[in-house]
Amino acid sequence: MSTILVCDDDKEIVEAIEIYLTQEGYQVLKAYDGEEALRVLKTEQVDLLVIDVMMPRLDGIRATLKIRERNNMPIIILSAKSEDADKILGLNVGADDYVTKPFNPLELVARVKSQLRRYTQLGSTVNQKDEAVYTVGGLSINDDLKEVTVDGEKVKLTPIEYNILLLLVKNQGKVFSIDQIYESIWNEDAIGVDNTVAVHIRHIREKIEINPKEPRYLKVVWGVGYKIEKI
């Protein structure tokens, strides 16, 4: 049974989310601001965090930034429609996905399931004699160990970032449109997802490229999409 931490200063929203997640068999922990969420994470084993952007004392953006210093669990941020900049910022500091308020609780549950499934797959290992290793230049992905290295140094990626990079590395030289990347990774129809994918691509570049502004591996093909350059 997975444990979900729900953090929002609106107690009615927290209680509503708790009802739906509990019905799906999840254990739910609650917090009402970022500082309280950090305290819970110090004492409890949490598998996924749902956190609002706008909260008193410590908002969701700054809390996510602090959490990412030590924890790689999936994070879904909640954001009002008028806070597009906050949604993008949230992805930049390490959130894996976002849900816009007002939201359908069933959509949130679906996204929770999706993120947990990817995180579980990322954390699993397969005992095989021949490991699935994909390399391009100094970039290497061991898909059995779910490990990424650049010039021998380990790189820490979120589950979404890992899956995007793996998709591109396994198809070196092939250009994927933003819609193709989104539909392959999120398994959902791509509607207005340009910013979501672009933020994750930028984050991957910051982790694998010496100079993200002049990338060696992850290239943009203007007007078409992205690819991993064959080296």
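Scroll up to find the structure.
Criteria and thresholds
Residues numbered from 1 in each chain as written. Predicted model: local features only at pLDDT ≥ 70, side-chain atom pairs only at ≥ 80, totals over all residues. Heavy atoms only, no water. Helix = DSSP H or I, 4+ residues; strand = E, 2+ residues; numbered from the N terminus. Buried < 20%, exposed > 50% of the residue type's maximum accessible area, 1.4 Å probe, protein only. Contact = heavy atoms within 4.5 Å. Areas by Shrake-Rupley, 256 points an atom, 1.4 Å probe, with all protein chains shown as cover. Lys, Arg positive; Asp, Glu negative; His and termini not counted. Charge placed at Lys NZ, Arg CZ, Asp CG, Glu CD. Phe/Tyr/Trp six-rings, centres within 6.5 Å; stacked < 30°, edge-to-face > 60°. Lys NZ or Arg CZ within 6 Å of the ring centre and 35° of its normal. Expected span 1.5 Å × (residues − 1). Arc of directions from axis to C-beta. Polar contact = N/O pair within 3.5 Å; in protein donor to acceptor, adjacent residues only side chain to side chain.

Peer 1: Hey, could you run me through the overall build of the chain in this one?
Peer 2: Looking only at helices and strands, the chain features eight helices and 11 strands. Counting only C-alpha atoms, the chain reaches 55 × 40 × 30 Å along its principal axes. Counting only residues that meet the buried cut, the chain has 49% of its 231 residues in that class. Counting contacts in the chain only where the partners sit at least 6 residues apart, residues at least 24 apart contribute 57% of the total. Within the structure as shown, the chain displays about 11700 Å² of accessible surface, and the carbon and sulfur contribution to it stands at 47%. On the chain, the mean spot of the 30 positive side-chain charges and the mean spot of the 38 negative ones are 4 Å from each other.

Peer 1: Please clarify how the packing of aromatic side chains should be interpreted in this entry.
Peer 2: When we look at a pair of aromatic rings, we describe it by the centre distance and by the angle of the planes. Under the defined criterion, the tally for this structure stands at one aromatic pair. Pairing Tyr182 with Trp186 gives two aromatic rings, centres 4.5 Å apart and planes at 10°, and the pair type is stacked. Placement of both Tyr182 and Trp186 in helix α7 (residues 178-186) is noted, with a separation of four residues, approximately one turn of the helix. Neither Tyr182 nor Trp186 differs from the other in exposure class; each is buried. One residue, Lys11, lies across the ring of Tyr32, its end atom 5.1 Å from the ring centre.

Peer 1: I tried to follow the side chain of Thr64 on my own but got confused; where do I start?
Peer 2: Structurally, Thr64 can be placed in helix α3 (residues 60-67). Residue Thr64 is classed as buried on the basis of its relative accessible area, which comes to 1%.

Peer 1: Can you help me understand helix α1 (residues 11-23) in this one?
Peer 2: Helical periodicity: at 3.6 residues per turn, an α-helix aligns residues three or four positions apart in one direction. Compared with an ideal rise of 1.5 Å per residue, which puts 13 residues at 18 Å, α1 spans 18 Å between its outermost C-alpha atoms and is within 8% of the ideal. Buried within α1 we find Val14, Ile17 and Leu21. Seen end-on, α1 carries its buried residues on one side only, within an arc spanning 70°. Those residues of α1 that are exposed and angled more than 90 degrees off the buried face are Glu12 and Gln23. The N-capping residue of α1, defined by a side-chain oxygen 3.0 Å from the backbone nitrogen of Glu12, is Asp10. Note on α1: the residue one or two positions beyond its end, Gly25, has a positive phi of about 95°.

So yeah, pure geometry; function would need other evidence.
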